[in-house]
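Residue-level structural notes
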Amino acid sequence: MNQFLLQTFSKKIEEVSELLVKIDDQYEFAHKNFQEYLAAAEIKRTKQEQILYANYQEQWWQDTILLYAAQLKNPTDFIRYLLNLNTNSATQLAYQCFRETTRQLDPEVEVKVKLKSLSTAVKNALYQKIEQLLKNQQFKDADYETYRVMIETVGKEEGESFDTKDFDTFPCDDLRTLDQLWVKYSKGKFGFSAQKKIYMDELGGTRDYNKEIWDKFCDRIGWRKGRWYVNYSDLIFELQDSTPVGHLPLIGGSGWWIGGGCWTWFLSLTQRLVNCNISPHASQRQK
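Small disclaimer: the values here were computed from a predicted structure and weren't measured. (Residues numbered from 1 in each chain as written. Predicted model: local features only at pLDDT ≥ 70, side-chain atom pairs only at ≥ 80, totals over all residues. Heavy atoms only, no water.)

1. Some details on the overall build of the protein chain
Each helix and strand in the protein chain was counted, giving 13 helices and four strands. Counting only residues that meet the buried cut, the protein chain has 47% of its 287 residues in that class. The contacts of the protein chain with a sequence gap of at least 6 include a subset with a gap of at least 24, amounting to 63%. When the accessible surface of the protein chain is totalled, it reaches about 15,400 Å², and 45% of it is carbon and sulfur. (Helix = DSSP H or I, 4+ residues; strand = E, 2+ residues; numbered from the N terminus. Buried < 20%, exposed > 50% of the residue type's maximum accessible area, 1.4 Å probe, protein only. Contact = heavy atoms within 4.5 Å. Areas by Shrake-Rupley, 256 points an atom, 1.4 Å probe, with all protein chains shown as cover.)

Below, the structure is given as structure tokens:
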């Protein structure tokens, strides 16, 4: 990308000389974000979107693409093009572009209607992968994919953890869709609503942490054996008669140790299920 930038802005080097540093007889911009912004601006000016389409899978170009989309008055066509590529990476990038540009769009009603439809299309594309994994009973992969979609929804990056406030405003429609998929393809055995039913309705748990209730809950759904919480790798990722109801999803990722604090976000998640009126019976009716 450095070569592209230097060629594009060679006539303006004198104007921005204070922003350049010399490395091995070559000049580069000192700040990466400035490089990406100028690249995005020049691509927009010269209408060279094909450069972005050709490099959308390259990590080096990700921020440039987001900055480009943010500069468009209406990025609908650009985002739709990424969706039509029909690859997981392109879909994720389309979703990021949508999230980054919603507050900078033309406020006309027509645009809002189009983007609302586009938002649904993006989310549906993301859910398709989760649904396919669940349909194939690849529950471990489905659990991680569920985590990945949810962590992005709360505005965090893959690899980060949830905290107690992440689910306070989590979109009800998104949470309901995810729960419905888990309930449907596990025949009612898995799902957030199944976990909520046990924890709140049967054991009397609330958003306030109670160690005794939490331990009983973990015993019921197989997250604790004896007096010890199980590791993520020891969970049962198969739909068997002996698999406890509510055993999945955990959405913690392979690095989770259940006794290490997943209750901190689980309690806010179950409360969000209550606020969104999501229950196992409702999920089964709507599947």
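2. Here we look at the pattern of salt bridges
Any two side chains of opposite charge can pair if their charged atoms end up close together. Inspection of the entire model under this criterion finds 15 salt bridges. The salt bridge involving aspartate 166 is made with lysine 156; its shortest N-O contact spans 2.9 Å. Taken together, the residues aspartate 166 in the loop between α8 (139-153) and α9 (172-185) and lysine 156 in the loop between α8 and α9 connect sequence positions 10 residues apart. A single burial state applies to aspartate 166 and to lysine 156, both of which are buried. Measuring nitrogen to oxygen at the nearest pair gives 3.5 Å for the salt bridge that ties arginine 176 to aspartate 173. Note that arginine 176 and aspartate 173 are positioned in helix α9 at a spacing of three residues, about one turn of the helix. Beyond isolated ion pairs, a larger network of salt bridges with shared partners links Lys129, Glu145, Arg148 and Glu152. (Salt bridge = Lys/Arg side-chain N within 4 Å of Asp/Glu carboxyl O.)

3. Quick word on the state of the cysteines
This model, assessed by the stated rule, comprises one disulfide. Put simply, cysteine 172 and cysteine 276 are joined by a disulfide, and their sulfur atoms are 2.0 Å apart. Torsion about the S-S bond of the cysteine 172 and cysteine 276 cystine: about -70°, corresponding to left-handed handedness. Pair noted here: cysteine 172 is in helix α9 and cysteine 276 is in the loop between α12 (263-275) and α13 (280-286), with a separation of 104 residues, a long-range link. Assessed through its relative accessible area of 23%, cysteine 172 is described here as partly exposed. (Disulfide = S-S within 2.5 Å.)

4. Description of the environment of arginine 148
Here arginine 148 shows up in helix α8. On the basis of relative accessibility, which here comes to 3%, the residue arginine 148 falls in the buried class. Sequence separation of arginine 148 and glutamate 158 is 10 residues, and the distance between their C-alpha atoms is 6.0 Å.

5. Some remarks on the confidence of the model for the protein chain
Of all residues in the protein chain, 75% have pLDDT values of 70 or greater, and the mean over the chain is 79. Per-residue pLDDT, averaged within each element of the protein chain, yields its smallest value for strand β1 (residues 20-23) (40) and its largest for helix α10 (residues 192-202) (96). This stretch, residues 103-110, has a pLDDT under 50; its non-local contacts, to residues over four places away or in other chains, come to nine contacts. (pLDDT = per-residue confidence, 0-100.)

6. Concerning helix α5 (residues 76-84)
Since there are 3.6 residues in each turn of an α-helix, residues three or four apart along the chain are aligned in direction. All of the buried residues in α5 are Thr76, Phe78, Ile79, Leu82 and Leu83. Phi for asparagine 86, located one or two positions after α5, is positive at around 60°.

7. Overview of the packing of aromatic side chains
Counted under the stated rule, the structure contains 24 aromatic pairs. Ring geometry for phenylalanine 167 versus tryptophan 265: centroids 6.1 Å apart, planes at 50°, classification tilted. Placement of the pair is phenylalanine 167 in the loop between α8 and α9 and tryptophan 265 in helix α12, with a sequence separation of 98 residues. Each member of the pair, phenylalanine 167 as well as tryptophan 265, carries the same accessibility label: buried. (Phe/Tyr/Trp six-rings, centres within 6.5 Å; stacked < 30°, edge-to-face > 60°.)

8. A look at α10
Most of α10 sits inside the fold, with eight of its 11 residues counted as buried. Phi for glycine 204, located one or two positions after α10, is positive at around 80°.

9. Observations concerning unusual backbone geometry
The residue after leucine 248, namely proline 249, is reached through a cis peptide bond having omega 5°. Relative to the elements of secondary structure, proline 249 occurs in the loop between β4 (228-229) and α12. Located in the positive-phi region is glutamine 137, a residue other than glycine, with phi close to 60°. Its location among the elements puts glutamine 137 in the loop between α7 (109-135) and α8.

10. Concerning the nonpolar core
Soluble globular proteins tend to bury their nonpolar side chains together. Met150, Trp214, Phe217, Trp223, Ile251 and Trp265 are the most contacted members of the largest nonpolar core, which has 47 residues in total. Among the elements that line this core, the one with the most residues is α8, at six residues. Ignoring anything within four residues of it in the chain, the contact list for phenylalanine 217 reads Gln195, Ile198, Tyr199, Leu203, Trp223 and Phe266. Within the second largest apolar cluster, 21 residues are counted, among which are Ala40, Leu82, Leu83 and Ala94. (Core = buried A, V, L, I, M, F, W, Y, C linked by side-chain atoms within 4.5 Å.)

11. Remarks on the side chain of arginine 224
Assignment of secondary structure puts arginine 224 in strand β3 (residues 224-225). A polar contact is formed between the side chain of arginine 224 and the side chain of aspartate 215, at a distance of 3.4 Å. Excluding residues that lie within four positions of it along the chain, arginine 224 makes contacts with Asp215, Cys218, Asp219, Tyr229 and Val230. (Polar contact = N/O pair within 3.5 Å; in protein donor to acceptor, adjacent residues only side chain to side chain.)

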